[in-house]
Amino acid sequence: MKLIWIHGAPAAGKLTVAKYLHEHYGYKLFHNHLAVDLSLAIYDEFGDKDFSDFTNGIRRTVLAKAKSIGVSHLVITYMTCAESDSVEINKYLDFFSENEIEVYPIHLCPKAEIILDRSASEERQQSHKLSCQTTISNLLNNMKFLGINHENTQSIDNSNLTPKEVALKIVNYVK
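In short, a report on the structure.

Moving on to the packing of aromatic side chains. Enumeration according to the criterion identifies eleven aromatic pairs in this entry. A centroid spacing of 6.0 Å and a plane angle of 65° characterise the contact between Phe95 and Phe96, whose relative ring orientation is edge-to-face. Each member of the aromatic cluster is reached from another via a ring pair, and the members are Trp5, Tyr78, Tyr92, Phe95 and Phe96. Above the face of the Tyr92 ring, Arg60 is positioned so that its terminal group lies 4.1 Å from the ring centre.

So this is what it looks like as structure tokens:
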């Protein structure tokens, strides 16, 4: 299975690009908020108790099942900071290797002003996604949202690219 792991800062366009890959190229889609929303059904709040371990367990279970039933291309989204999330990222990379999942980390890295503009979208306001521009600005100032350190990582500045253009770059890269 080829796994396209779209990661980056909040409001970088991860889900928008993932949806395009799903709708126009037939990639299966398992976006971050499917696991997060499932976890929030039983936890009082994001990060409560063992929320992260449970949510990561959901993701791994879904990925292993997708591989076992013969899914050829799957795209997942994940807000990650390669520095502060390095332990969890390495657990995922080990999991992919152990399960013979061919991973393509795709780092979306639009300019900060683009991220802040996108953060105010109506879609973000109506979801559990971060949408407060002050909070996102603080995250951007305090965290480095870097690409995952992996041989297949590709970084794409999608500040001035349409989701279609980004998806085409990904499809041509992954083949």
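What follows is about the side chain of Ser39. By secondary structure assignment, the location of Ser39 is in helix 2 (residues 32–40). Setting aside anything within four residues of it in sequence, one finds Ser39 in contact with Phe51, Phe54, Thr55 and Ile58.

Let us now look at the environment of Ala35. For Ala35, the location among the structural elements is in helix 2. Setting aside chain neighbours within four positions, we find Ala35 in contact with Phe30, Thr55, Ile58 and Arg59.

This brings us to the nonpolar core. The biggest cluster of nonpolar side chains holds 20 residues, and the ones touching the most others in it are Leu3, Trp5, Leu63, Leu74 and Phe96. Sorting elements by how many residues they give to this core places helix 4 (residues 86–98) first, with five residues. Apart from the residues lying within four places of it in its own chain, the contact partners of Leu74 are Met1, Lys2, Leu3, Ile4, Lys28, Leu29, Phe30, Leu63 and Ala66. Formed by 18 residues, the second largest nonpolar core is a distinct cluster that contains Val75, Leu108, Val171 and Val174.

What follows concerns the sheet that holds strand 5 (residues 154–156). Taken together, the five strands give an open sheet; going across it, the order is 2-3-1-4-5, and neighbouring strands pair in parallel fashion. The open sheet is flanked by strand 2 (28–30) and strand 5, the only strands paired with a single partner. Pairs of neighbouring strands in the sheet enclose a mean axial angle of 25°, with direction left out of account. In this structure, strand 1 (residues 2–8) lies alongside strand 4 (residues 102–108), joined through seven bridges in parallel fashion. Bridging from a neighbouring strand, Lys2 pairs with Glu102 of strand 4. Sheet strands touched by helix 2: strand 2 and strand 3 (73–79). Its angle to strand 2, the strand with the most contacts, is close to 40°.

Cut-offs and rules
Residues numbered from 1 in each chain as written. Predicted model: local features only at pLDDT ≥ 70, side-chain atom pairs only at ≥ 80, totals over all residues. Heavy atoms only, no water. Phe/Tyr/Trp six-rings, centres within 6.5 Å; stacked < 30°, edge-to-face > 60°. Lys NZ or Arg CZ within 6 Å of the ring centre and 35° of its normal. Helix = DSSP H or I, 4+ residues; strand = E, 2+ residues; numbered from the N terminus. Contact = heavy atoms within 4.5 Å. Core = buried A, V, L, I, M, F, W, Y, C linked by side-chain atoms within 4.5 Å. Buried < 20%, exposed > 50% of the residue type's maximum accessible area, 1.4 Å probe, protein only. Pairing = 2+ DSSP bridges. Axes fitted to C-alpha atoms, helices over the stretch in contact; angles between N-to-C directions.

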